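# Coordinates in review
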Amino acid sequence: MQNPFRDGGPLDIAMGLLGLMFSIALLWQGLQMAQNGGSWWWPLTAGVLVVLSLHGLYRRRRAKRRSSS
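Notes on the structure in this doc start here. (Residues numbered from 1 in each chain as written. Predicted model: local features only at pLDDT ≥ 70, side-chain atom pairs only at ≥ 80, totals over all residues. Heavy atoms only, no water.)

## Observations regarding helix 1 (residues 10–35)
The test is simple: For the purposes of this entry, the term helix denotes a DSSP run of H or I that reaches at least four residues, the term strand denotes a run of E that reaches at least two, and both are numbered from the N terminus. To estimate how far a helix should extend, the number of its residues minus one is multiplied by 1.5 Å. Buried, partly exposed and exposed residues are distinguished by accessible area as a fraction of the type maximum, computed with a 1.4 Å probe on protein chains only: under 20%, between the cut-offs, and over 50%, respectively. In what follows, a contact means two residues having at least one pair of non-hydrogen atoms within 4.5 Å.
Over its 26 residues, helix 1 runs 38 Å from end to end, which matches the ideal 38 Å to within 8%, given 1.5 Å per residue. Within helix 1, burial applies to Asp12, Leu20, Ser23, Gly30 and Ala34. Packed against the buried residues of helix 1 are helix 2 (41–68). Phi turns positive, to about 100 degrees, at Gly37, one or two residues after helix 1.

Here's what the structure looks like:
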């Protein structure tokens, strides 16, 4: 049985997508908090997390294309 946590394994891919969904949920919650008088640092920080998650997924996809060609 192969290790599901290996690079490119099913759980490795799922962790990247799960991180993106979690950061989007944080962004949504941060925007709601800021509209209700909370600090704008929450959505700003969550937005940075979204960008970093997307960047990680993009790099993974690009590396996969280069290795297959």
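What follows continues from the structure just given.
## A look at the layout of surface pockets
Our working rule: Only protein atoms enter the 1 Å grid used here, on which a cavity is any set of points holding a 1.4 Å probe that cannot leave and a pocket is any open set flanked by protein within 12 Å on both sides along at least five of seven lines; residues with an atom within 4 Å of a point are listed as lining. Grid points are joined across faces, edges and corners, and a volume is the space filled by probe spheres set on the points.
Taken as a whole, the largest pocket encloses approximately 220 Å³ of empty space. Around the largest pocket, the lining residues are Gly8, Ile13, Leu17, Leu57, Arg60, Arg61 and Lys64. At the level of secondary structure, the elements contributing two or more residues to the lining of the largest pocket comprise helix 1 and helix 2. Broken down by element, the residue count for the lining of the largest pocket peaks at 4 residues, all from helix 2.

## Considering the environment of Gln29
When you line up the elements, Gln29 lands in helix 1. Since its relative accessible area comes to 41%, Gln29 is described here as partly exposed. Taking the C-alpha atoms as reference points, Gln29 and Ala46, 17 residues apart in sequence, are found 9.1 Å from one another.

## Quick look at helix 2
The first and last C-alpha atoms of helix 2 sit 41 Å apart over 28 residues, in line with the 40 Å expected at 1.5 Å per residue. Those residues of helix 2 that fall on the buried side of the exposure criterion are Pro43, Ala46, Val50 and Ser53. Those residues of helix 2 that are buried lie in contact with helix 1.

## With respect to the side chain of Ser53
Note that Ser53 resides in helix 2. Under the relative-accessibility criterion, Ser53 is labelled buried at 18%.

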